[in-house]
Amino acid sequence: MSKSRPIYAPFKLDLAGKAHLIVTNQPEVPELEAALANIEIWTVQTIAPGVQAPIRDNTRAFRAVPELFTHLAHRLSRAATGLRLYAIGTESFIWDAHNIAMAAGLSATEIHLTQSGPLVRRVICTHCKTTIEDVPQNIVTCPGCGAALFVRDHFSRRLAGFMGVKVDAETPGQIPAAEVFVS
Amino acid sequence: MKMRIAKILTLSPSIAKFTLQPVSGALPVAAPGAHVIVEIPGPTRIWKNAYSLVSSPEDRGQYEIIVRRVEHSRGGSAWLHGHASAGDVLEVSAPQNLFPINRLAKKHLLLSAGIGLTPFLAYLHTLNAPFELHHLCKPEDEAAFRSLLPNAANITLHTSRNALDLNALLAAQKLGTHLYLCGPDNFMRVALATAQTLGWPDAKIHQESFGGATGGEAFTVHLQRSGLTLEVAPEMSLLETLEAAGLAAPCLCRGGACGECELPVLSGLPDHRDHVLTPERRAANASILTCVSRALSPELVLDF
């Protein structure tokens, strides 16, 4: 595995925090080992197209990830020190959340990331800068410029994604068989 | 560096500002938070005390330090207050900075008590983000500290008449705030415990304490590798005892803040007085910070 790939710890509440906000793009909400008063869980769930799941207890469901992130930035801009943020989900989701949190002034020790869900990647085409979400395998055609891209095993924390470079630059048309991501 | 005392400004009966100029050449630039070790000649021995620079980091012609005469002083500050005069030449170390400003902070919250204000006086020259300074002092020192601070809404002096609500202050800070603490031990302990109870991460708490060695019971130290057995007198620190025996013991801040002087303990029970070792490492009693810590047992054996 490439050295640039982050290593994630299993989900665990950081009890040094006074308030806890969990954001996830996965359907399963984590089991909480501690019954604390100050825990909120933000999810992305729809019960039918365009219909938002009802809010229950300390869980708040958003219609989609962009809506969740907009509210996250707003919440963090008003939060007091003592908050811990937990992001659980696909690698691009948790690093997007991480980058929003860092911009809000959280430090790395106040952010806990857990990778969960399908091993899909965000790929950034190095030729036209198009971003391709949820790519499951290491060869993908760029919807922006049509290039067949090889997904390099190098993770950009800033972009929360992987670099895609033209796979047939040497011999146009010669595209190897794709392999499904196993990490 | 040889430096000459150019000016002594008495701010209160126990607080004085010293202006030091190099005997020759220009001084190194010292970022805000830096300190120097000043060698103070005493009648029986040399004292090495750390003082924060309060002068502007840009000023390469002189350093300014502020010295409080410590009650029951072991010698250093009493000599500077009682015997030093303009024209005296002292040996001063190059500046070291163990208390730098965190430039990623969105806001700086500076809390000091007593003479712990000094590093923040250097900060005031260059702070790049919004800040709030709260300084705690005794009523008799209020005028002296006020004379050192600009009159601004974000700078508050607290005496017994105007007590600081530490819990409310720390609970109200937004996520990008970094906390800086400098002052005597009991102030640091209370402020640190309050911040940690409110969930402040260690990464956002920066602290420096120059209480320095306070002395205590005499004890014996046996140095395994050097084959020496030394007596640490009540008014001497362990580090000073090693230095007096001609040993090149590691040290940097001489105030229990940096960890440079840590030595392995082979047997005996250290009396940990530093700000470096974690609770786990304190409990393990496997090492000691020689500049401030002493012994609870009559003898310590060190791997040195």
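Not measured: the values here are computed from a predicted model.

Moving on to helix H1 (residues 65–78) of chain A. Residue and element names in this part refer to chain A. Its 14 residues give H1 an end-to-end C-alpha distance of 20 Å, which sits within 8% of 20 Å, the value for a rise of 1.5 Å per residue. Here H1 has its buried residues at Leu 68, Phe 69, Leu 72 and Leu 76. The buried residues of H1 occupy an angular sector of 95° when the element is viewed end-on, so they sit on one face. Exposed side chains of H1 directed beyond 90 degrees from the buried face belong to Pro 66, Thr 70 and Arg 78. Along its buried surface, H1 packs onto strand S1 (19–24), strand S2 (39–44), strand S5 (59–62), strand S6 (83–89) and helix H2 (91–104).

So, about the confidence of the model for chain B. Detailed reading of the predicted coordinates is not advisable wherever pLDDT falls low. With 97% of its residues at a pLDDT of 70 or more, chain B has an overall mean of 91. Across the predicted assembly, pTM comes out at 0.84 and ipTM at 0.84.

Residues and elements named next belong to chain B. Taken together, five strands build an open sheet; the order of strands is S14-S13-S19-S15-S17 and the sheet is mixed. Only two strands of the sheet have a single neighbouring strand rather than two, namely strand S14 (228–232) and strand S17 (287–289). Here the average twist between neighbouring strands, direction ignored, is 40°. Note that strand S15 (residues 262–267) and S17 share three bridges and pair antiparallel. In the strand pairing of S17, Pro 264 is matched with Ser 287.

Reading the values: rules and limits
- Residues numbered from 1 in each chain as written.
- Chains lettered and ligands numbered in written order.
- Predicted model: local features only at pLDDT ≥ 70, side-chain atom pairs only at ≥ 80, totals over all residues.
- Heavy atoms only, no water.
- Helix = DSSP H or I, 4+ residues; strand = E, 2+ residues; numbered from the N terminus.
- Expected span 1.5 Å × (residues − 1).
- Buried < 20%, exposed > 50% of the residue type's maximum accessible area, 1.4 Å probe, protein only.
- Arc of directions from axis to C-beta.
- Contact = heavy atoms within 4.5 Å.
- pLDDT = per-residue confidence, 0-100.
- Pairing = 2+ DSSP bridges.
- Axes fitted to C-alpha atoms, helices over the stretch in contact; angles between N-to-C directions.

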